[in-house]
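# A look at the structure
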Amino acid sequence: MDRSPPPFFKQGPSSNARLAFFALLGISLLVIDSRTGLLNAMRQGIGTVLYPLQRTLLVPRDAVSMSTDYLTEIHRLRAENTELKRVETANARQLLQVEQLAQENRQLRDLMGARDRTAVKSVVAEVLYDTRDPFSRKLVLDKGLQQGVGIGQPVVDPQGVVGQITRVFPLSAELTLVTDRNMTIPVQVQRNGLRAIASGGPDPGRMELRYISVNADLKEGDTVVTSGLDSLYPAGLPVGRIVTVERGRTGNFARVVVEPVAGVDRSRLLLVLRVDRTGIPPPPPPADAAETVRGKRVARRD
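Reference entry: report on the structure contained in this document. Every value quoted in this text rests on a predicted model; they were computed, and no experiment measured them. For every chain, the first residue of its written sequence is number 1, and the numbers climb from 1 along that sequence. Confidence filtering applies because this is a predicted model: local features only for residues at pLDDT of at least 70, side-chain atom pairs given and counted only at 80 or more, and all residues used for totals across whole chains, interfaces and linings. Water and hydrogen atoms play no part in the side-chain values, which are based on all heavy atoms of the structure.

Turning our eyes to something else, we now look at the layout of surface pockets. In this model, the second largest pocket occupies a volume close to 230 Å³. Here a cavity denotes a set of grid points, spaced 1 Å apart and computed over the protein atoms alone, in which a 1.4 Å probe fits but from which it cannot get out, and a pocket denotes an open set meeting protein on both sides within 12 Å along at least five of seven lines; residues with an atom within 4 Å of a point are reported as lining. For the second largest pocket, the lining is made up of 13 residues, of which Arg137, Thr179, Arg181, Gly201 and Pro204 are closest to its centre. Here the residues of the lining of the second largest pocket are counted per class, giving four nonpolar, four polar and five charged. Grid points are joined across faces, edges and corners, and a volume is the space filled by probe spheres set on the points. All residues other than Ala, Val, Leu, Ile, Met, Phe, Trp, Tyr, Cys, Pro, Asp, Glu, Lys and Arg, Gly among them, are scored as polar; the first ten of these are nonpolar and the last four charged.

What follows is the structure in structure tokens.
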């Protein structure tokens, strides 16, 4: 059976000829465009015309993405709010205990003629980012001078001491962690009251008790707390737990490694204790200054 179209519909060149023509035309345009860039203006015009259509087609995708981001942000804010309330509740209990001890000590100091001590106030701060110095362990908080944060104030989380404020700006502050090599804290062993100085150790995320005698009564697992002898850190705040006691390796001193109990690398919400440093006695004058003052007094008597 003949399936060819009637003579009436046979117009123009054959399909094979048209295929060959358009194939050659496409190849020629590709070569010309690659050599001269003649079709760049045409592509730009087509892209400009199709841009509103592209934006219209992307509206459903953007709406779904914005809805997902909105729900995720709400979930994150609720989680942070829950964490904030937990931090405030946990630290409020500790601060109430500190204030109760301060009231009892106030009565004893009144009997001894000592100065009174103010109550501990605090402010909740959020960690903004880590500093870029690879040789230090510091964080930047979102509270500063306008919120009452000052240099030297201790910073804690629900588990224990995190560090100390070392630099303050109007709206932010720099926190040096307890694991920094330049950080020192007067501490004592909770089990037997042995006093020592804790400082950042060479091991990342660890601390050391330096200048401890080899025959000191220390055991692995002992809890280390603040001693309160510096009039800055309230006494009894958890600092760390002894994980290693090496005796006889450094002469007359033992190497005591302490692991901080606070989440120095995990906590996002922290509590800055607004300790009033005005009660700290001034440091003694140097020897040459003391001699100068004594000489002036003798000269006045003469």
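Back to the text.
Here we come to the sheet that holds strand S5 (residues 173-177). If you trace the six strands once around the closed barrel, you get S1-S2-S5-S4-S3-S12, paired in antiparallel fashion. Taking each pair of neighbouring strands and ignoring which way they run, the sheet shows an average axis angle of 45°. Strand pairing requires that DSSP identify at least two bridges connecting the strands. For helices the rule is a DSSP run of H or I covering at least 4 residues; for strands it is a run of E covering at least 2, with both sets numbered from the N terminus onward. Sheet topology note: the strand S4 (residues 161-168)/S5 ladder contains five bridges and is antiparallel. Counted as the bridge partner of valine 168 is alanine 173 from S5. All axes are obtained by fitting lines to C-alpha atoms, using only the stretch in contact for helices, and the reported angles, taken between N-to-C directions, cover 0 to 180 degrees.

All right, on to the nonpolar core then. Membership of the largest hydrophobic core comes to 46 residues, with the highest contact counts inside it found for Ile165, Leu175, Leu209 and Val256. Residues in contact with leucine 209, not counting those within four places in the same chain, are Val187, Ala196, Ile197, Ala198, Val224, Ile242, Ala254, Val256 and Val258. Think of a nonpolar core as a cluster: buried Ala, Val, Leu, Ile, Met, Phe, Trp, Tyr and Cys residues, connected wherever their side-chain atoms sit within 4.5 Å. Note on exposure labels: buried denotes an accessible area under 20% of the residue type's maximum, exposed denotes more than 50%, and partly exposed covers the range between, all computed with a 1.4 Å probe on protein chains only. Contact criterion: two residues are considered in contact whenever any of their non-hydrogen atoms come within 4.5 Å of each other.

Salt bridges are defined as contacts in which a side-chain nitrogen from Lys or Arg sits within 4 Å of a carboxyl oxygen from Asp or Glu. What the rule picks out here adds up to 13 salt bridges. The shortest N-O distance in the salt bridge between glutamate 80 and arginine 268 comes to 3.6 Å. Of this pair, glutamate 80 sits in helix H2 (residues 40-112) while arginine 268 is found in the loop between strand S11 (253-260) and strand S12 (269-274), placing the two residues 188 residues apart along the sequence. We note a salt bridge from lysine 138 to glutamate 174, for which the minimum N-O separation is 3.6 Å. Taken together, the residues lysine 138 in strand S2 (residues 138-141) and glutamate 174 in strand S5 connect sequence positions 36 residues apart.

Now for the packing of aromatic side chains. Pairing of aromatic side chains requires ring centres within 6.5 Å, counting the rings of Phe and Tyr and the six-membered ring of Trp. Pairs whose planes differ by under 30 degrees are stacked, by over 60 edge-to-face, and all others tilted. Scanning the entire structure with this criterion turns up two aromatic pairs. Look at phenylalanine 21 and phenylalanine 22: their rings are 5.3 Å apart centre to centre, the planes differ by 75°, and that puts the pair in the edge-to-face class. Since its relative accessible area comes to 51%, phenylalanine 21 is described here as exposed.

Examined bridge by bridge, strand S6 (residues 184-189) and strand S7 (residues 195-200) share five bridges and lie antiparallel to one another. Its bridge partner being in S7, glutamine 188 is matched across the sheet by arginine 195. Connecting S6 to the next strand, S7, in antiparallel fashion are five residues, including glycine 193 with a positive phi near 80°. Sheet topology note: the S7/strand S8 (residues 207-213) ladder contains four bridges and is antiparallel. Bridge pairing in S8 links serine 199 to glutamate 208.

With that settled, consider empty space enclosed by the protein. According to the stated counting rule, one finds one cavity of 30 Å³ or more in the structure shown. Of the voids in this model, the largest cavity is the one considered here, and its volume is about 50 Å³. Taken together, Asn91, Gln94, Leu95, Val98, Val156, Pro234, Leu237, Leu271 and Leu273 make up the full set of residues lining the largest cavity. At four residues, the largest contribution of residues to the lining of the largest cavity is made by H2. Among the residues forming the lining of the largest cavity, the class breakdown is seven nonpolar, two polar and no charged.

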